[in-house]
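Structural overview
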Amino acid sequence: MRNSLTPVALPVLAIAAALLVFGVMVAFAGVNPLEVWTLLFQGAFGSWFAWQNTLQRAAPLMLTALCVAIPARAGLVIIGGEGALVLGGLACAVVARSVPLPDGMVGSVVVCVAGALAGALWIALAGWLRQFRGINETISSLLLAYIAIGFFKHLVEGPMRDPASLNKPATNSLSEGLRIGGIAGSEVHWGLVLGVVACVVLGIWLRWSASGFAIRVVGGNLRTAQLVGLPASQLVIVACALGGACAGLAGAVEVAAVHTNANASLIAFYGYAGILVSFIARHNPIAIIPVAILFGGFGAAGSLLQRRLGLPDASVLVLQGIAFVFILASEALRDVDWKALRAKLAQLAGPAPQAPAPSPVPEGNTP
Amino acid sequence: MTPDQWIALFAGIVGGALRVGTPFLFVSLGECLTEKSGRINLGLEGVLVLSAMAAFAGAYLGESAWIGVLCGALAGGLLAALHGVLCSLPRVNDVATGIALMLLGTGLAFYLGKPFIQPQAPQIPALELGGWSSSPAVQSALQINMLLPLGLALAVLLWWGFTRTRWGLLVRMAGDSANAARALGYSINGIRILATTVGGMIAGLGGASLTLFYPGSWNEGISSGQGLIAVALVIFARWSPLRCIGAAALFGGAGAIGPALQSVGVGWGYHLFNTVPYVLTLLILVLTCKPGSVAQGSPGELSSR
Amino acid sequence: MSFSHLIPPVKPATGALTLETYELTKRFGSFTAMDSVTMKVEPGTVHALLGENGAGKSTLVKCVAGFQRAEEGSIMIDGREQDIANPVIARALGIGMVYQHFTLAPGMTVAENLLLAADKVPFLVDWKAKRAELQAFLATTPFSLNLDACPADLAAGEKQKLELLKQLYLKPRLLILDEPTSVLTPQEADEVLGHIRDFARRGECTVIIITHKFREVMAYADAVTVLRKGKAVHHCRVADTTPALLALAMMGESASTADSEQKVPAAQVVPVQAAPDSIANSSTPALQVDDLHALGDRGTLAVQALSLRVMGGEILGVAGVSGNGQRELVEALVGQRTRLSGTVRVMGQPYQATRQENRALKVRSLPEEPLRNACVGDLSVAENMALRDFDQAPLAVGGVLRFPTWRARARAWIAEYGIKTQGETAPIRSLSGGNVQRAVLARELAGDINVLIAANPVFGLDFAAVAEIHSRLRKVRGRGAGVLLISEDLDELLELADRIVVMSEGRIVFETTAAAADRHVLGAHMGGGAHGEEHSIVEKAAA
C-alpha cells in the first residue's frame, strides 16, 4: 500500500467502521441496521430536498471547521468556534438594527463583515492570551465560548429583544433587503458559496503564499520560527483572527439567511461539529469541503431517522462521536509500515528465510 | 432589599457553594488524579453528563439512590478508560481525544437518556445541618449532599496517598517524568490508564450528585461546562487535592449567584451572572499563568505539549 | 533457545561479577548495529568501552542491561549463560545502568527518587524509617545530597551524582555508566570516577564505562575494549596501551583527531591561512553583549549580568559545564527567549533578532539539537533550507512562493555539502543527525556573514562530520565573521577558539586567550571554584 494513499484511506475506513458500530448500536435498540444506513444515505443525499438540507448544514460547518483548522496550522487547538459564531450572529443583528444600511448585496456584505469582525476579535483574544499570558488556548477558547453564549442570551432576552417576540426571545428581524437568499431560487443560500470560497482561498493561501508558509512554520516548530526571526506571536494572532472571522461569518450568515434574526436556536452546536470536521480533514481547508458535506448529510439524516425510526436525534451526535474516536485511533495506524507487517506475518506462516548462523545457543526473539 | 432578603441571598450563595460545589469537587479531584499522572482529560464534560444519566437511570431502575451512584461511577470510569486507552496509542493527541469523548459521552447520554427525562428517581438523602436556624432559606441552604463528606474524605485520602503510598508515588512519577518511570521498568501507559479510569470514576460521583441530589432530575441541560471548568480548577488549585476543596467551594458559590438572585426576585442579568464561573476561571488563569515558564507544582509531563 | 528456566534458581550471589559475551549480534532491519562481539570483563575491574558514535557501544550495553535482545550470541554472568530479556531480569542479576540522559523525576524530592529506585517499594511508606535508612546509605558514599531538594533545583553535576546514587542504592554487581562525566567539571569527574574505581577495587562491583575521553580511560580504567562499526576490534589492558594506539584502533586507517592531550593536527582538516589577529580590523565588535539577563524555565535567572564581545575574524569559545545557562544564553540571543534586560549589538547596531535584522546585519545561528531547534521536522529538506529567505526573490515573487527555485537550490546544496538524503523533497526528520546538521549548515552559511552563533555544533556526530564542520567554522572565521562558539567539549574549544571565556551559573567568570589556556584552570572556573561554597552540596574529600 503506497503511503500516499494512507491519509485518505484511513479516515474513510474509520468512518466506515463508525457506521458499522452505529449500526450495531441501533440493532440493540431493535432497529434494523440496514434500514438505518439506507435512511442515513437517503436523508443526506437521496433527493434534491435532502441535498438542500445537507448543503444548508454544510455551509456553516465549513466555516466553523476553518475556525479550528487555521489556528491548528499555526500550532493551536482552538475549540471555541461556537462562541465566535454566536457573537457573529449577534453582531449581524445588532448592526442591521442600529445602522442604516442600503438594501441589496452591499447591506448584506456589511452585516457579514460585522459578524466576521466580531468572531475574529473573540478568537484573536484567545490567541493573545496564549502568546502573552501563557494560557492554554483550548481551555481559554472554550471558556470564552461559554462567556459569549451567556452574553448573547442576556442581550437577546434583554436589551436587544424584539418586543414582538414573546414566546421565543429574539432580536428584531433583518429587513428583507439585507437577507441572504437562496442560490437560483433554491433553499440553499449563498452562504454555501462563501464557505467553499473561504476554504479554497485559505487553502491556497496556506500552501502558496509567503505568509501562509510562515504560519505553517510557526505551527510546525515554534522554536525554529523564532530562530529565523518570524514574528511568531503576531502570526498566531493573525491565524486566530482568520479562524474567528470564518466562524463569525458563519453566525452572520445563519442569521441573515436562515433565522433572519438572532435567537437561541443559533446555538446549534455547529461550532463543536466543526471541530470534528477539521480533525477528520486533518486541518486542510480544501479537504474540509467534502468532509463538511458528509457531516452536513449526517445532520440532515438525523431528523429523518427520528421521524421514520423513532431514534432520538442525539443518535447522530453519537455517530459523530464514534466517528471522531475512530479517526483519532486510526492516526495511530498511520505510521505502520504495512510492507514490513505483511513480511512479518508471512514469516510467521512459512519457513525461516535464512540458514541459522553457527552459534552455540542461538538467542533472540522469534520473528 | 430587606435584611431577610440579604440573608436569603447570602444563604443562597452559601447553599449554592455547597450544592454546586459538590460536583465541582468530585470532577476536579478526578481530573487532579488524571493530571498528576501526566495526562489531561478534556472529556470530563462527557464523563460528567454520561455518568449523570447513568446514575439517574441506575437509581430509577434499581429503585435506590446508591445503586445509581454506583452506576454513575462505573459509567464515568468506563468512558475515562476509553480516553486512557486511546491516548496511550502512538500519535494520538490528548486534547483531541478529550474533545471526541466530550461529544461521544454527551451524545450517548442524550441518546440513551431519552426515556428518563420525565420520571423521578430516588434521591440521595440529605444531611440537615441547618436545624439551628429559624430561617427557611438558611435551612435549605445547609441541606448538604451525603456525598459531600465522602468527597472531602476522598480529597484528604488523595493528598495523603500522593506522598505516603506506593501508588501515589508512582502516579506522581509517571506524571513528572516518563523517562524516570520507564527507566525503572514501570509501564507508563498502565499507570496513566489506571489513573485516568479512577479519575473518571471519581468524576462519575460528581455526575451522580447532579441528577440524584441537585438539581435532582435528568435533562439535556444538566451540565454546562462544569467538566471543562474542572480543568481550570485543577490549575487554580495547583494540583493539590486539598486546595481543590477550596477551589470547588469558590466556584460553586460563584455559579450560585445567578439563581440566588433570582430566588430573591432579582431577575436582571441572570445569564450574565451565570458567566461568573467562566470569567472567574479566566481571570485566575490570567493571574497564575506566565508565558514560557512552568506553573509551580505542575506535573512535568503535562507541559510537554 | 535457552534452557536456564529448567535449572533451579541459584541463591542470589553478591559481590562483583564476571561478564562475558560471545559473538553477540544485534540487527535493526538490514543494519547491523553489533557484529559478533566477544569480550570478557574481569570481576572487580573498571572496563572502558571506547568507540565513536554509532560504533555499537550503546547497543552492547543495552543488550547486557536488558533493554534490547541480541539476535545471536550469548551473554554469560559468572560463567553461566543468561537470557536477559528485560530490565527486570537484569536488575535481579544485579546489573544496573546509569544513563546519559537523566531519569530523575524533577518535581519529586531526592528521597522520593531514591525510594522509587529501590527494588521493592512498600505499599505504605514509613518516611521516618526510610529517611534514616537513606541517610545511612548516603554516609557510605563520598557525596551527600539534601534529601528534600528536588532535582529541578539541582545543578547538572548533582543530578548526575543522584543518578549514580540511585544505582548504588541497589548494591549492583555490575554497574554500567554511559558517558558519566559529560556534565561534570573535571574535578567532579575525577571525584566520581575515583569513587567508582575504589568501589570496584574493593570487589563489590564490576564497572563498565562508555566514554570517548582517553584521559579518563588511562587514569581510571583497568582494561579497554574498542568498538568500530559494530565489531570489537581491540582488547587490551590500560597498562599496555597509549592514547595514540587507542585512537588508531578507534579510527582504523585515518589518523586520530580526538587526542586532546597531544593536540595531533588532523590530516583532513584544511589549514586556515590567516592568523587569528590579522583579520580583526575595525574596532566595532561583530557581536557585543552587555549586562544580559534572562530567566530560565523555572522562573529563576539563568543568565545574569552577562557581557561578552566577539570581534570580526575571531572565534570566541564559551566553555562551561552543561546547565550553567548556555542554552538560555543562545536562546536569548537568537530570539527564542525574552531578554529581561541588557543590550545586544551586532556591528554596533541594536539587535533584537527580528527577521529584518538577521538579514541586514547578517546574523546566523547553529543551535544545538538542530532537528529540535532549527528545523521543522515535517517539512521537506528543500523547505527547511528556504526558511531564512522564503519571503524574498527569487524564492517568492509577489508574495507567491516559487517551489521549483527552492528545490533547485536545495539540490545544489545537497551536492555541495554531501548531504545523504532520498531527495530534496524528503521530510527532514528522515535524515540522520549528521545530515540534518549539514543541511542546517548549508542554509546558515550561505552568503555573507557577520556573526555566527554556534552551540555544540558537533554533538553526537561521527569524526568525519566533526572534522568537516570544524573546517567550515574556520572558513567562516577566515571570511571575517565573528563566531561565538558555545561548547561543552573543552577539547573542541581548545582546538578551534582564539579566545576562551568560561560561563558558570549564568555569568562569565574567566577569560583567556587560547594560547594561554590551561585545562585545569578552566576546569576550576567551570566548577564555580572561583566563588565560594556551592548550594546544597557538601563535598567530602575525594577518597
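**A short note on the overall build of chain B**
When helices and strands are tallied, chain B shows 13 helices and two strands. Whereas a compact globule of 305 residues would reach a radius of gyration of roughly 19 Å, chain B reaches 19 Å, a difference of no more than 12%. Across its three principal directions, the C-alpha atoms of chain B cover 65 × 45 × 35 Å. Within chain B, contacts between residues at least 6 apart in sequence are counted, and of these 77% link residues at least 24 apart.

**A look at the overall build of chain C**
Along the backbone of chain C there are 18 helices and 22 strands. Residue burial in chain C is summarised as follows: out of 543 residues, 47% are buried. Partitioning the contacts of chain C with sequence separation of at least 6, the portion at a separation of at least 24 is 69%.

**As for the interface of chain A and chain B**
At the interface, 38 residues of chain A touch 38 residues of chain B. Residue assignment for the side of chain A that touches chain B shows that the elements contributing at least two residues are α5 (105–133), α6 (137–157), α11 (270–280) and α13 (314–333) of chain A. No other element matches the 13 residues that α13 of chain A contributes to the side of chain A that touches chain B. Taken together, the residues of the side of chain A that touches chain B sort by class into 24 nonpolar, nine polar and five charged.

**Quick word on the sheet that holds strand β20 (residues 482–487) of chain C**
Residues and elements named next belong to chain C. Spatial ordering of the open sheet is given by β16-β19-β20-β13-β21-β22, a layout of six strands whose pairing is mixed. Sheet topology places β16 (363–366) and β22 (507–513) at the edges, where each strand pairs with a single neighbour. Each adjacent strand pair in this sheet contributes to an overall mean axis angle of 20 degrees, direction not counted. Where β16 meets strand β19 (residues 451–455), four bridges bridge the pair, whose relative direction is parallel. Across the sheet, the residue bridging to R364 is L452, located in β19. Contacting β13 (315–319), β21 (499–504) and β22, helix α18 (residues 519–526) crosses the sheet at an angle of about 30 degrees to β21.

**Re the nonpolar core**
The biggest cluster of nonpolar side chains holds 398 residues, and the ones touching the most others in it are M62, L66 and I288 of chain A together with L233 of chain B. Considering every element that reaches this core, the biggest residue donor is helix α10 (residues 232–259) of chain A, with 20 residues. Among all residues touching L233 of chain B, those that are not within four sequence positions of it are F24, S28, C244, A247, A248 and F251 of chain B. Listed in part, the five residues of the second largest apolar core include V458, L461, V466 and A467 of chain C.

**So, the interface of chain C and chain A**
Each side of the interface is counted separately: chain C has 35 residues, and chain A has 22 residues. Among the elements of the structure, β1 (19–28), β4 (72–77), α11 (355–361) and β18 (400–401) of chain C are those that each provide at least two residues to the side of chain C that touches chain A. Sorting elements by how many residues they give to the side of chain C that touches chain A places β4 of chain C first, with three residues. Here the side of chain C that touches chain A is composed, by residue class, of 14 nonpolar, 11 polar and 10 charged.

**Looking at the sheet that holds strand β15 (residues 349–350) of chain C**
All names here are of chain C. Taken in spatial order, the four strands make up an open sheet running β12-β11-β14-β15, and their pairing is antiparallel. Edge positions in the sheet fall to β12 (301–310) and β15, since each has one partner strand and no second. Bridge analysis of strand β11 (residues 287–295) against strand β14 (residues 341–346) gives five bridges, and the strand direction is antiparallel. Bridge pairing in β14 links D290 to T343.

**Here's the deal with the domain arrangement of chain C**
Accessible area lost when the parts come together is the quantity often used to give the size of an interface. Residue and element names in this part refer to chain C. Segmenting chain C into domains produces domain 1 (4–94 + 172–251), domain 2 (107–170) and domain 3 (276–362 + 448–526). When each unit is reduced to the centre of its C-alpha atoms, the spacing between domain 1 and domain 3 is 36 Å. Contacts between domain 1 and domain 3 engage nine residues on the former and 10 residues on the latter.

**Concerning unusual backbone geometry**
Excluding glycine, a negative phi dihedral is what most residues carry, and trans is how most peptide bonds are arranged. Residues and elements named next belong to chain C. Cis geometry is found at the peptide bond from A393 to P394, where omega equals 0 degrees. Tracing the sequence through the fold places P394 in the loop between α13 (381–385) and β17 (396–397). Positioned with a positive phi, D78 is a non-glycine residue whose angle comes to about 55 degrees. Examined against the element boundaries, D78 turns out to sit in the loop between β4 and β5 (80–82). The phi torsion at A353 lies on the positive side, around 65 degrees, for a residue other than glycine. Within the element layout of this structure, A353 appears in the loop between β15 and α11. The exposure class of A353 is buried, given the 23 C-beta atoms found within 10 Å.

**Topic: helix α10 (residues 226–236) of chain B**
With respect to burial, α10 of chain B is a largely interior element, 11 of its 11 residues being buried. The set of residues buried in α10 of chain B consists of Q226, G227, L228, I229, A230, V231, A232, L233, V234, I235 and F236 of chain B. Those residues of α10 of chain B hidden inside the fold are in contact with α6 of chain A together with α1 (3–36), α2 (44–62), α11 (241–263) and α13 (276–288) of chain B. R238 of chain B occupies a position one or two residues after α10 of chain B and carries a positive phi of about 45 degrees.

About the criteria used
- Residues numbered from 1 in each chain as written.
- Chains lettered and ligands numbered in written order.
- Predicted model: local features only at pLDDT ≥ 70, side-chain atom pairs only at ≥ 80, totals over all residues.
- Helix = DSSP H or I, 4+ residues; strand = E, 2+ residues; numbered from the N terminus.
- Rg over C-alpha atoms; globule rule 2.2 N^0.38 Å.
- Contact = placed C-beta atoms within 7 Å.
- Buried ≥ 20, exposed ≤ 12 C-beta atoms within 10 Å, placed from the backbone.
- Nonpolar A, V, L, I, M, F, W, Y, C, P; charged D, E, K, R; others polar.
- Pairing = 2+ DSSP bridges.
- Axes fitted to C-alpha atoms, helices over the stretch in contact; angles between N-to-C directions.
- Core = buried A, V, L, I, M, F, W, Y, C linked by C-beta atoms within 7 Å.
- Domains from an automatic or database assignment.

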